[in-house]
Amino acid sequence: MTNFSHQYSNFDGPGAVRACLRSIDWQACPLGPPAAWPSELSAVVNLMLNSRFPMFVAWGPELIFLYNDDYATIMGDKHPGGLGQRFEQVWGEIWPVIAPIAADAMAGRSSYFEDLPLMIKRDASVQRAWFTFSYSPVAGSGGGVGGIYCAVVETTANVEARQVQAFQLHLSDTLRALTSSEAIVAAASESLGRATQVARVLYAEVDDERGTFYIRRDWLAKGALSVAGEIRRLDDFGPQVIARLRAGHPIAVADVFTDVFTAPFASAYRAMGVGAMVSVPLVKGGKLIAILSMHSDVARAWHDSDVRMAQEMAERTWSAVESAQAQGQLRESNQRKDEFLAMLAHELRNPLAPISAAAELMERSPQDAERVRRTSAVISRQVRHMTGLVDDLLDVSRVTRGQVTLNQAPQDMKNVVASAVEQVRPLIGARNHRLTLELPPETAQVLGDETRLVQVITNLLNNAAKYTPEGGHVRLTMATEPSQVIVRVIDDGIGIAPELQTRVFDLFAQAERTSDRSQGGLGLGLALVKSLVALHGGQVSCFSEGANCGSSFSLRLPRFEALPEPVERRKHPRLEAADANERIMIVDDNADAATMLGMLLEASGHEVMVENRSLAGLKLATEALPAICILDIGLPDMDGYELARRLREVRGLERALLIAVTGYGQESDRQRAFAAGFDHHMVKPVDAQKLLRIVAGHSVLAGV
């Protein structure tokens, strides 16, 4: 017989979670009263509640969620509401990633993940967090799997600390690269030589990772001996000297011949009468990047004041050269911005010219149907072109300000490539290119945002098509390694000059590729590629042997093979227009935009009503009860969000389709629209075909 009182005692004792468990009405939960729980569930819950390690249990076919006090800190404001709820409801935002793992556990297979990145909603915000956890199946009554047991620790702080460290190392590498400047070498060596009146100054760049240093400058007051250009081992200094140098401490040595710089040239220095030396290190970002070694022309010891003066001179020289280089970079940046603004004006004027001419032609020949059709096609093409330019600018703005949120889920890169190829086929066909794909037979799975990954591949293919002459060959290959998926886009186009290859992913770099701007665009595509790939934890690089030798762009993304292979995406048939026409209301204070959109919908057979003010639209909707409402957001008397909320309160409009139309397309704008009651969010200028498909889809569903 089951000991029910013992099962109830699981909830006795201290702790916020136990108190919450005692207050839950278990009669309304699929698990039922705790006294009737199977012994397997009671045992694992008892183990979990008595543990000081973050744990949760998901039980039964509904995967009802239970957790302990330490896991409640991970939940944030999801606690205590998540207790006794379905797993999918508690963590709905990451369910596409978690569901296959949970399915594996319910099928009897354990799994382990280390530092898995997830975008979670907690404490009223969406956050990127990392977790290390294991899922284990728990046997239920009857021999099957009853539920899932998970031990988890959030590793966000550690991962972010490693990322900061990696950034600091990158910064250190950048500073070390600056020491290659001849300006630094000359200024540091000669100013120190004049200031200290020494016989010799040696300047050496240090590669601390490889354990080598390169004698870049050898300044001699008396001429003769020079060892500039030689590479030596850092180990030659000895561990104690290296440790002091890395800590930023100058090294003074009475006998110059013990110094690694000059030991091989003892006889020459005896002839010169050099008697003492001091070595001053330059340390940036915790890395030893350079050493200045000064040798006196008399046999004397270096005093502390000499060392301090030499060290201050080295730092002042370093700072002065850094400032000069920063000013040069600022001048270059300003020049490139000016070039970009000129390009932007040129690119925007190009489509405006045919749009203006087309509008005038339609006004003069309104009765010529064929001419109107051709003119409308010109306007549509040019508007799409301008929309693409604006979208690129907004994307760059969002990425550079860190406002891009990835909706991450397991993605098969072969599906991503297929979607990207579908988008670029018109350009490939227009330029008569031959496109070949070489894809692996196995699944090439990554963790990422499908839309953004498609954008990356599309931009690489578009770039190859733009810079490959008509009739050329564009090739996309994909390969998998244990930890990576590698995609390469190779063309036989105009190639990339060696001096541009290091900057081809910089913003506006395209300005230097073609002086006549014949390829068009703003030079933003590759910069977006680099930023989006970095957000996915990957790398992108390019290689070209030079002009007219073609280009190769390589994309490397972390492989995500721990999850089961995703089910092949179902192809949804395109929804055709329903037989029944819809009653549609448009509210937009831009009278021209509202009228043209209304004419488009009327031409598709729908009954359309147009208002230019929110209150008038609310009154009209209350009387006419339209099936679909298309609302501008930026309305003067009441914004579209408030109008949508009021429409939802009107009897008979509870199931009406609400479509938001706005010039703001960030993720926060979409979420705000959905929270206000909208079913769809569209960015101006509205994609007419997409809008008609939405309307047709509503017609089909309404008739079911």
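Everything that follows concerns the structure shown earlier in this document.
What you see is a predicted model; the values in this text were computed from it and never measured.

Caption draft 1: Representation of the packing of helix α18 (residues 614–624) against helix α19 (residues 640–649) in the model. Here α18 crosses α19 at 20°, and the two axes come no closer than 10 Å. On the basis of the axis angle, α18 is roughly parallel to α19. Handedness of the α18/α19 crossing: right-handed. Where α18 abuts α19, its residues Ser-614, Leu-615, Leu-618 and Ala-621 lie against Leu-643, Arg-646 and Leu-647.

Caption draft 2: Up close: the sheet that holds strand β16 (residues 484–491). Taken together, the five strands give an open sheet; going across it, the order is β13-β15-β16-β18-β17, and neighbouring strands pair in mixed fashion. Both edges of this open sheet fall to β13 (434–438) and β17 (539–543), since each of them pairs with a single strand only. This sheet shows a mean twist of 15° between the axes of neighbouring strands, independent of strand direction. The sheet contact formed by β16 and strand β18 (residues 551–558) spans eight bridges and is antiparallel. Note on β18: the bridge partner recorded for Ile-486 is Arg-556. The sheet strands contacting helix α13 (residues 413–430) are β13, β15 (473–480), β16 and β18, and the helix crosses β13 at an angle near 175°.

Caption draft 3: Spatial organisation of helix α17 (residues 591–603). The terminal C-alpha atoms of α17 lie 18 Å apart, and with 13 residues this matches the ideal 18 Å at 1.5 Å per residue to within 8%. Looking only at α17, the buried set comprises Ala-594, Leu-597, Gly-598 and Leu-601. Seen along its axis, α17 keeps its buried residues to an arc of 105°; they face one direction. Across from the buried face of α17, at angles greater than 90 degrees, the exposed residues are Asp-592, Met-596 and Ala-603. Immediately downstream of α17, the backbone of Gly-605 shows phi near 95°, a positive value.

Caption draft 4: Region of the structure containing the sheet that holds strand β19 (residues 583–587). Judged by pairing direction, the sheet is parallel, and its five strands sit side by side in the order β20-β19-β21-β22-β23 without closing on themselves. At either end of the open sheet lies a strand with only one pairing partner, and these are β20 (607–611) and β23 (680–683). For this sheet the average axis-to-axis angle between neighbouring strands, irrespective of direction, equals 20°. In the packing of α17 onto the sheet, contacts are made with β19, β20 and β21 (628–632), and the angle to β19 comes to roughly 165°. With respect to the sheet, α19 is in contact with β19, β21 and β22 (657–662), its orientation differing from that of β21 by roughly 155°.

Caption draft 5: Spatial organisation of the packing of α19 against helix α20 (residues 667–676). Here α19 crosses α20 at 25°, and the two axes come no closer than 8 Å. One element, α19, and the other, α20, form an angle in the roughly parallel class. Contacts from Tyr-641, Ala-644 and Arg-645 in α19 reach Asp-669, Arg-672, Ala-673 and Ala-676 in α20. For the contact of α19 with α20, the residue count by class is four nonpolar, no polar and three charged.

Caption draft 6: Here's a closer look at the packing of aromatic side chains. Tallied over the entire structure, the rule returns 14 aromatic pairs. Through pairs of rings, three or more aromatic residues link up here, namely Phe-56, Phe-65, Tyr-67, Tyr-71, Phe-87, Trp-95, Phe-113, Phe-133 and Tyr-135.

Caption draft 7: Main features of the side chain of Ser-554. Note on placement: Ser-554 falls in strand β18. A polar contact of 3.2 Å, which involves the side chain of Ser-554, links it to the side chain of Arg-488. Residues in contact with Ser-554, not counting those within four places in the same chain, are Val-487, Arg-488, Gln-539, Val-540 and Ser-541.

Caption draft 8: Geometry of unusual backbone geometry. Omega for the bond connecting His-79 with Pro-80 falls within 30 degrees of zero, at 5°, which places this linkage in the cis form. Of note, Pro-80 is situated in the loop between α4 (69–75) and α5 (87–90).

Caption draft 9: Layout of the pairing of strand β14 (residues 445–448). A two-sided burial pattern is seen for β14, the buried positions comprising Gln-445 and Leu-447 on one face and Val-446 and Gly-448 on the other. The sheet contact formed by strand β12 (residues 409–412) and β14 spans four bridges and is antiparallel. If you follow Asp-412 over to β14, its bridge partner there is Gln-445.

Caption draft 10: Just the environment of Leu-49, in detail. With respect to the helices and strands, the residue Leu-49 is situated in helix α3 (residues 39–49). A relative accessible area of 8% means that Leu-49 is categorised as buried. Sequence separation of Leu-49 and Val-17 is 32 residues, and the distance between their C-alpha atoms is 8.3 Å.

Caption draft 11: Examining the nonpolar core more closely. With 54 residues, the main nonpolar core has Phe-87 and Tyr-135 as its most contacted residues. Setting aside chain neighbours within four positions, we find Phe-87 in contact with Phe-56, Ala-58, Glu-62, Leu-63, Phe-65, Trp-95, Ile-98 and Tyr-135. The next biggest cluster of nonpolar side chains, apart from the first, holds 37 residues, and it includes Val-421, Val-446, Val-489 and Ile-496.

Conventions and cut-offs
- Here, residues in each chain are numbered from 1, in the same order as that chain's written sequence.
- Only residues with pLDDT of at least 70 get local features here, since the model is predicted, and only at 80 or more are side-chain atom pairs given and counted; chain-wide, interface and lining totals rely on the full set of residues.
- As a convention, hydrogens and water are excluded, and side-chain values are obtained from all of the structure's heavy atoms.
- Axes, fitted as lines to C-alpha atoms, cover a helix only where it is in contact. Angles between the N-to-C directions of the axes lie from 0 to 180 degrees.
- Segments assigned H or I by DSSP are reported as helices when at least four residues long, segments assigned E as strands when at least two residues long, and all are numbered from the N terminus.
- Any angle that is under 35 degrees is reported as roughly parallel, and any over 145 degrees as roughly antiparallel; angles of 65 to 115 degrees are reported as roughly perpendicular and all others as oblique.
- Handedness of a crossing is defined here by the sense of rotation of the near helix relative to the far one, left-handed for an anticlockwise turn of less than a right angle and right-handed for a clockwise turn.
- Contact criterion: two residues are considered in contact whenever any of their non-hydrogen atoms come within 4.5 Å of each other.
- Strands are treated as partners if at least two bridges between them are detected by DSSP.
- An expected span of 1.5 Å times one less than the residue number is assigned to each helix.
- Burial classes follow relative accessibility: with a 1.4 Å probe on protein chains only, a residue under 20% of its type's maximum area counts as buried, one over 50% as exposed, and anything between as partly exposed.
- To be clear, the arc concerns the directions from the helix axis to the C-beta atoms.
- Residue polarity is assigned by list, with Asp, Glu, Lys and Arg as charged and Ala, Val, Leu, Ile, Met, Phe, Trp, Tyr, Cys and Pro as nonpolar; anything else, Gly included, falls into the polar class.
- Stacked, tilted and edge-to-face are the three classes applied to pairs of Phe, Tyr and Trp rings, where Trp contributes its six-membered ring and a pair requires centres within 6.5 Å; stacked means planes under 30 degrees apart, edge-to-face means over 60, and tilted covers the rest.
- Here a polar contact means two N or O atoms within 3.5 Å. Within protein one must be a hydrogen donor candidate and the other an acceptor candidate, and residues neighboring in sequence count only if both atoms are side-chain atoms.
- Take the buried residues of types Ala, Val, Leu, Ile, Met, Phe, Trp, Tyr and Cys, join any two whose side-chain atoms come within 4.5 Å, and each joined set is a nonpolar core.

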